[in-house]
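So the chains spell out like this:
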Amino acid sequence: MRIKVGVIFGGETVEHEVSIISAIQAMNKIDSEKYEIVPIYITKDREWYTGDMLKDIDVYQDLNLIKKYSENVVLYFKDGCYVLQKKKGMLKKIVKEIDIAFPIVHGTNVEDGVLQGYLQTIGIPLVGPNVYGAVVGQDKAFMKDIWSSRNLPMTKYTWFYDCDYRKNSDKIINEIENLKYPLIVKPARTGSSVGIAVCENQDKLKEAIDDALQYDNKVVVEEVVENLKEVNIAVMGNYENQKVSEIEEVLSANKFLTYTDKYIGGGKGKLKGGFKYSPKTSSKGMASASRKLPADLDSKLREEIENIAIDAFKVLGASGNSRIDFLIDKKTNKVYINEINSIPGSLAFYLWDAKEINFTQVLDDMINIGIKDYKKRISKTHSFETNILKGFAANGGVKGMKGKLK
Ligand SMILES: Nc1ncnc2c1ncn2[C@@H]1O[C@H](COP(=O)(O)OP(=O)(O)O)[C@@H](O)[C@H]1O
Ligand SMILES: [Mg+2]
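Draft legend 1. Fine view of the sheet that holds strand β4 (residues 71–78). The strand order across the open sheet formed by seven strands is β6-β5-β4-β3-β2-β1-β7, and the pairing between neighbours is mixed. The outermost strands of the open sheet, each flanked by one partner alone, are β6 (94–98) and β7 (100–103). On average, each strand axis in the sheet is inclined to that of its neighbour by 35 degrees, with strand direction left out of account. With eight bridges connecting them, strand β1 (residues 3–10) and strand β2 (residues 35–42) associate as parallel partners. In the strand pairing of β2, Val7 is matched with Pro39. The sheet contacts of helix α1 (residues 16–29) involve β1 and β2, and relative to β1 the element is tilted by about 155 degrees. Lying on the sheet, helix α12 (residues 359–379) is in contact with β1, β2, β5 (81–86) and β7; it crosses β7 at an angle near 125 degrees.

Draft legend 2. Broad picture of helix α8 (residues 202–212). Of all the residues in α8, the buried ones are Leu205, Ala208, Ile209 and Ala212. Around the axis of α8, the buried residues are gathered within 100 degrees of arc, so they sit on the same side. Exposed side of α8, more than 90 degrees from the buried face: Asp203 and Glu207 are the residues found there. Of the surrounding secondary structure, the elements contacted by the buried residues of α8 are β8 (157–161), α6 (162–167), α7 (169–176), β9 (183–187), β10 (197–199) and β11 (218–223). One side-chain oxygen at the N-terminal end of α8 lies 3.3 Å from the backbone nitrogen of Asp203; it belongs to Asn201.

Draft legend 3. Inspection of the sheet that holds strand β17 (residues 320–329) at higher detail. Read across the open sheet, the five strands follow the order β16-β13-β12-β17-β18; overall the sheet is antiparallel. Across the chains shown, the open sheet's two edge strands, defined by having one partner strand only, are β16 (290–292) and β18 (334–341). Each adjacent strand pair in this sheet contributes to an overall mean axis angle of 35 degrees, direction not counted. Pairing of strand β12 (residues 228–237) with strand β13 (residues 242–251), which is carried by seven bridges, proceeds in the antiparallel orientation. Across the sheet, Ile233 pairs through a bridge with Ile247, a residue of β13. Against the sheet, helix α10 (residues 299–315) engages β12, β13, β17 and β18, with an angle of about 130 degrees to β17.

Draft legend 4. Quick peek at the packing of aromatic side chains. Using the criterion set out here, one finds nine aromatic pairs in the structure. Arranged with centres 5.0 Å apart and planes meeting at 80 degrees, the rings of Tyr41 and Tyr60 form a pair that is edge-to-face. Placement of the pair is Tyr41 in strand β2 and Tyr60 in the loop between β3 (48–50) and α2 (63–69), with a sequence separation of 19 residues. With centroids separated by 5.2 Å and ring planes inclined at 90 degrees, the aromatic side chains of Trp159 and Tyr161 adopt a geometry described as edge-to-face. Taken together through their ring pairs, the aromatic side chains of Phe9, Tyr41 and Tyr60 make up a single cluster. We note Lys218 situated over the ring of Phe142; from NZ or CZ to the ring centre the distance is 3.8 Å.

Procedures and definitions
Residues numbered from 1 in each chain as written. Chains lettered and ligands numbered in written order. Predicted model: local features only at pLDDT ≥ 70, side-chain atom pairs only at ≥ 80, totals over all residues. Heavy atoms only, no water. Pairing = 2+ DSSP bridges. Helix = DSSP H or I, 4+ residues; strand = E, 2+ residues; numbered from the N terminus. Axes fitted to C-alpha atoms, helices over the stretch in contact; angles between N-to-C directions. Contact = heavy atoms within 4.5 Å. Buried < 20%, exposed > 50% of the residue type's maximum accessible area, 1.4 Å probe, protein only. Arc of directions from axis to C-beta. Polar contact = N/O pair within 3.5 Å; in protein donor to acceptor, adjacent residues only side chain to side chain. Phe/Tyr/Trp six-rings, centres within 6.5 Å; stacked < 30°, edge-to-face > 60°. Lys NZ or Arg CZ within 6 Å of the ring centre and 35° of its normal.

Just geometry here; none of it tells us what the structure is for.
This is the structure we're talking about:
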């Protein structure tokens, strides 16, 4: 019997389209002898759909087509199984059962723990980080605070909330100006370079903050790394075991990697709906920034990056296959960890490919790690029998408790 893998993608996020591409690339490569693939597409307005047609990129040109020909479903736990049940109609038919959920989602409302929280609430095994790993992997303020507590090398930074900035912007600007210009301003949780700007002086800083606050109520400001070289590495595993991929250098014509660099410039794919896409022919996949793979690094720097990446992955409680991004000052050879992408675009398959681990193997490894995580999770005690409720009733139920709760 094949394991039924529900590949979940889309969602209400600025990276919706990127997620569709990543998921379709993966569905093309999952070993279909071992696994039955069940596509589960979440629209931007949070409706869930399933059906084989969702494996085809062309259907995403027309949402009405999807609404008409695939099934609008809910995923929940019923009679010991995880089922996709028709949402509408007199007979709420079970469309599919699935054994394990495989979120291939990017950005807020999905990759950031929101989807993982739902999956863990119904109890289904899942591939990738659990809710805790996903939350800290999306929030640049959380991830930096955790990494700095472990002394991982990072640029000097600070972060603040919108309400505190509105109350006393001078105080926040003063705090920020303990850092040295040029500074880079980032909304804490967007991704894909959305709302990010470099600023050389206070006027530009204020403008950048106003812009970043349109995307998030939490903003990170950090020092810019000069003579920049950006390298990325993937880490596969969970808190117990990890292995690392090849390291790539990403190249950009701009001062920093933009949304266009990441998804539109550089690659050779066919432009569809604004995104280059060619899962069968492109070794680059969705992440179509120009790259040098393997990156030009001496063995000392390489080892340093591998070790930091593993530490960073572990302390955040990541699981599955994450991409960890670094900034290097080419002049001083100083390495700074920048961010983790806990579910990276194209699942960073090209970084494994360069180490002769093909995409099918990567997906197989990820699913196996998800199964291991699930077994670990259910081996722990999560509830116990208690007589608290009996005591509650004996005291006269709600009425009896009312006095005590005052
Ligand atoms: N401290 C920094 N110094 C120089 N460039 C940076 C710095 N932080 C980010 N960048 C540039 O901005 C890009 C986007 O920032 P990043 O933190 O990776 O956010 P995102 O989650 O949007 O990818 C990076 O790929 C890099 O080019
Ligand atoms: Mg980034």
